[in-house]
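Each chain is listed here by its residues.
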Amino acid sequence: MAKVYVFDHPLIQHKLTYIRDKNTGTKEFRELVDEVATLMAFEITRDMSLEDIDIETPVCPAKSKVLSGKKIGIVPILRAGIGMVDGILKLIPAAKVGHVGLYRDPETLMPVEYYIKLPSDVEERDFIVVDPMLATGGSAIEAINSLKKRGAKHIKFMCLIAAPEGVEAVKAAHSDVDIYIAALDEKLNDHGYIVPGLGDAGDRLFGTK
Ligand code: URA
């Protein structure tokens, strides 16, 4: 069964407050999203496996731990997910970055994949799918479907803010995908925005309207 982790670390919560604030401008918003993504990456990598290697300290030979070489893939959902990539790469610089783009079909209102580019060794990687907002869950579910269709076996989903509706939808569709959240908000409003949320993450990141 999927687990849901809400990161209540004080630094994450502090920065999230300024991310939410409508008076925070584009430059600062982008920097804060980047910083929170780094802090979340620290938490999300807690289960990475380690192995012992032999080294010599200035004092004596020693066995010491290094990451055991698990390959990571980061997949932002276009476009707002891009804002979280560099922050994660600061801690996992060897990760490969794929991209998935989705549009909403005007008739079915369902997300449809229009672009996907993944690292070639999909089956061997652990993937972190990222999008700042988990609203209805439609995009996250479809992005994860896209990865699974191409052979991805281990997937985590990471976002800044989630609505309960989105969390439940992803859990129901992908019971093998753990969800990592900085804040679980109250609800979705009639326009599909998370309340209280932060507005449109893509527009705020890229300075568009
Ligand atoms: N996408 C956003 O950018 N904001 C929301 O509140 C919901 C979806």
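By convention here, each chain's residues receive numbers from 1 onward along its written sequence. In keeping with the model being predicted, local features are shown solely for residues with a pLDDT of at least 70 and side-chain atom pairs are shown and tallied solely at 80 or more, while totals for entire chains, interfaces and linings include all residues. For the side-chain quantities, the full set of heavy atoms in the structure was used; hydrogens and water were omitted.

So what about the UniProt feature "binding site: uracil" (unreviewed entry) in the protein? Which residues, and what values?
UniProt positions are given in the numbering used here, feature names are shortened, and annotations may be inferred rather than shown by experiment. As recorded in UniProt, the feature "binding site: uracil" (unreviewed entry) lies at I194, G199, D200 and A201. Those annotated residues from the list above that line the largest pocket are I194, G199, D200 and A201. Secondary structure elements follow DSSP: runs of H or I no shorter than four residues count as helices, runs of E no shorter than two count as strands, and numbering proceeds from the N terminus. Note on placement: I194 falls in strand β13 (residues 194-195). When a residue's accessible area, from a 1.4 Å probe over protein chains only, is under 20% of the maximum for its type it is buried; when over 50% it is exposed; and in between it is partly exposed. Judged by relative accessible area, I194 falls into the buried class, the value being 6%. Non-local contacts of I194, meaning those with residues more than four positions away in its chain, are made with M133, L134, A135, I161, A162, A163, D185, K187 and L188. Its place among the elements puts G199 in the loop between β13 and α6 (201-206). Residues are called lining when one of their atoms sits within 4 Å of a cavity or pocket point, these points coming from a 1 Å grid over the protein atoms alone, where a cavity is a set in which a 1.4 Å probe fits but cannot get out and a pocket is an open set with protein on both sides within 12 Å along at least five of seven lines. Throughout, a contact is declared for two residues whenever any of their heavy atoms are within 4.5 Å.

Report on the pairing of strand β4 (residues 71-76), specifying residues and quantitative values.
Here β4 lies mainly inside the structure; 5 of its 6 residues are buried. Pairing between two strands requires that DSSP report at least two bridges joining them. One ladder, built from 6 bridges, connects β4 with strand β8 (residues 125-130); its direction is parallel. When the bridges of β8 are listed, G73 appears paired with F127. Pairing between β4 and strand β5 (residues 96-97): 2 bridges, direction parallel. Among the inter-strand pairings, I74 is bridged to a residue of β5, identified as V97.

Kindly report on unusual backbone geometry, identifying the contributing residues and their values.
Along the chain, L78 connects to R79 via a cis peptide bond; the corresponding omega equals 0°. Take R79: it is sitting in the loop between β4 and α3 (85-89). The omega angle of the peptide bond from V195 to P196 is 0°, so this bond is cis rather than trans. Here P196 shows up in the loop between β13 and α6. In the Ramachandran plot, L109 falls in the positive-phi region, its phi being about 65° despite a non-glycine side chain. On the secondary structure map, L109 appears in the loop between β6 (99-104) and β7 (111-117).

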